[in-house]
Amino acid sequence: MKKNLFYLFALICSMSVFTACKDDEEPEVPPTVEDVVAEYSGENLKLAVEGAGAVAQDAKIELAKSDASDKVTIVLFNVVPGVTEFKIPNAEFSVITKSIYASTLKGEVSDDVSGYNVKVEGTVDEKVLTANVTLTEIEGDTVNVTSFYKKVYKGDMDINVSNIPNPVTMEQRVYISKPYSYKMEQRDTAMIKLAIKNFAFEGIELGDITVDTIPVVKRGEVYAFGAEARILKLQDPIGEVTADLNGTIIGEDMTLKLNIDALGLKVKVDFQGGSVVESQTINMEEMIIESDAVLEQKKTGTTALTLKIWDNTPDKDLLITPSYKVTDKGSVEYILVHVAGQDDVRLSQDQIDGKQPIDFSVLKGSDDYIKYHMVAEDPNTTKDFLIKIERFVTTMVFDMKEWGEKDPVGLTSSNDAATLLPLMGIIMPDDPKLPVVKAADGAARVTTFKTLTKEGNNPTLVPAITAGTLFSGVFSINITNTLKSTKFGLPYNKKPSKFTFTYKYTPGSPVYQSVTKDGRNHAVFVDDKEVDQCSIAAYLFEVSSYDEALDGTNVNTSDKVILKAELTDGTAKSDYQTLTVDFKETGNGSYDATKKYKLAIVCTSSKWGDQFMGADLSSLYVKYLAVE
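Residues numbered from 1 in each chain as written. Predicted model: local features only at pLDDT ≥ 70, side-chain atom pairs only at ≥ 80, totals over all residues. Heavy atoms only, no water.

**Re unusual backbone geometry**
Okay, step 1: With an omega dihedral of -5°, the bond running from Asp431 to Pro432 counts as a cis peptide bond.
Okay, step 2: In this structure, Pro432 sits in the loop between helix H5 (415-418) and strand S29 (436-438).
Okay, step 3: A cis amide bond, omega 0°, links Ser509 with the succeeding residue Pro510.
Okay, step 4: Unlike most non-glycine residues, Glu126 shows phi in positive territory, near 50°.
Okay, step 5: Residue position: Glu126 is located in the loop between strand S7 (116-125) and strand S8 (128-137).
Okay, step 6: On the accessibility criterion, Glu126 (64% relative accessible area) is exposed.
Okay, step 7: Residues other than glycine seldom take positive phi values, yet Thr213 does so here, at roughly 45°.
Okay, step 8: Mapped onto the elements of the fold, Thr213 is located in strand S12 (residues 204-219). (Helix = DSSP H or I, 4+ residues; strand = E, 2+ residues; numbered from the N terminus. Buried < 20%, exposed > 50% of the residue type's maximum accessible area, 1.4 Å probe, protein only.)

This is the structure we're talking about:
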């Protein structure tokens, strides 16, 4: 019996041994590609990168299925410099045995776009990826890139700003042009200048972003460019910022990444676009305004038009519907009415399209205008066309009570020329300091000067005797002939009959005439004229255009003058005199209401001033001028 129990116990023990051996030797199932497909970051990623700076905090690696069952696609996020997402397809996948099974990965790609050869080796063990990334920069060739100059790339631009939660996407253009250089050498021809125009988003206007002298290299079919830590000047109040950029051009396509640090505001820009050919020309080819109220139209190049009207034109007559034509493929984006001291007003689309009239009567002052804002096919090319109103006065009355900066309101003088005399070394008296000044009693004082240099020498650039002149018209300096600087006359639309003026006159003595000798202008005594005389006269003369004028060379001799009223006694008058004289025909024709005329009032302290003749400090005081 004892013997049988021993055999039973031995059998049980042997069965236990066999069972234990079976459990210990049962093989673990090897991992497959499906087991490692995942995104690895944070604690699940142990990453080392060789050939770059510090590993980005947001770096991660994704393992994805490949077409082959024994391959895997490795996707590197924020690992390769300048590349958000970098793929290594068909990486090797294998299994190794340690204490348990683990997966190994190996892949390598040379990428001309990023400019790196990227090699990845790693293992996945217990859902942790340990990866070693080796980056080797691919050297590019220096080539001539002048063929890219003047190219424009149009596409979508994504803008991420540090304090704005959602990115902004907009259509934008990137411009390439010739870099700044004193001379085009090989180094320069391998560079470009890059610009983004009118860069703005979310109400933040940065202006034009321009980066110059950006080096370009060619790797295969890829043209790569980049620059780091460039200081850019943006419009105020942004000012100076620091920018890094890199990008590529492949065929007709461009990619661009731009990182801007603007006073702590981080702006990241991603652009992808294709080459486009768009017109960058915009002009107002035609502007047609038809109105009986408009006397003349004066166009200034392709940027401005002035409509000339009488100042008493009824407002209803200034409701005008212009027709226009802009450069092909261009358009008028908006029409704006600007009146000084008021908010600008944009007009309706019907007014832009010429379906409703525009009220030009609101343009009262010289600073008022209506602006047509034009846009070329390339919307970053714009131009403004301004329409102004010039109102001709119909009442010629000047009482000297209101003065502008230098002259009585409504009248003009030779003061602008006199302000240049000190620059030519000519001394001016302390009183009066200019040919026309406001006297203590409010009158306009008009004075003749004998001119000398600071050294007491006779002048070379100006006459030795200069008579002051107060007149209706425009003063425009003519260096070659000073008498032509006075553009006499303002438009006038009726037949004048009487000329009234209030004046007094203190003549100087002796009378000199400016005579040129030995390269200088000398003041020479005039034997037959002991005392100076003044002149006050009004002239009505015919013009074919209101841009025409008479001047100091011809106002007393022109056959265009048909009516004239003048002071006949230009001698001394110690007290103010008020005279009214009639306009008389000159024998050059009669007044015709269908023709155009200008009226000139001319007051001078020396009646022979057009001959550079007069007495030093002769002074004419004018209080009132009126034509009726």
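**A look at the sheet that holds strand S18 (residues 296-300)**
Okay, step 1: Across the sheet, six strands lie side by side as S18-S19-S26-S25-S22-S23; this open sheet has mixed pairing. Looking at strand neighbours, the two that pair on one side only are S18 and strand S23 (345-346), the edges of this open sheet.
Okay, step 2: Bridge count for strand S22 (residues 331-338) against strand S25 (residues 369-375) is seven bridges, and the pairing is antiparallel. When the bridges of S25 are listed, Val337 appears paired with Ile370. (Pairing = 2+ DSSP bridges.)

**Quick word on the environment of Phe225**
Okay, step 1: Topologically, Phe225 is positioned in strand S13 (residues 222-233).
Okay, step 2: Sequence separation between Phe225 and Pro215 is 10 residues; the distance between their C-alpha atoms is 5.8 Å.

**A word on the nonpolar core**
Okay, step 1: Counting 39 residues, the largest nonpolar core has Met157, Ile159, Ile196, Phe199, Phe201 and Phe225 as its most contacted members.
Okay, step 2: Elements with a minimum of two residues in this core: strand S9 (152-161), strand S10 (168-177), strand S11 (191-201), S12, S13, strand S14 (240-250), strand S15 (253-262) and strand S16 (265-276).
Okay, step 3: Excluding its chain neighbours within four sequence positions, the residues that come into contact with Ile159 are Pro167, Val168, Met170, Phe199, Phe201, Val267, Lys268 and Val269.
Okay, step 4: Of all hydrophobic cores here, the second largest spans 31 residues; its members include Tyr505, Ile601, Cys603 and Leu625. (Core = buried A, V, L, I, M, F, W, Y, C linked by side-chain atoms within 4.5 Å. Contact = heavy atoms within 4.5 Å.)

Geometric descriptors of this kind do not, in isolation, establish any biological role.
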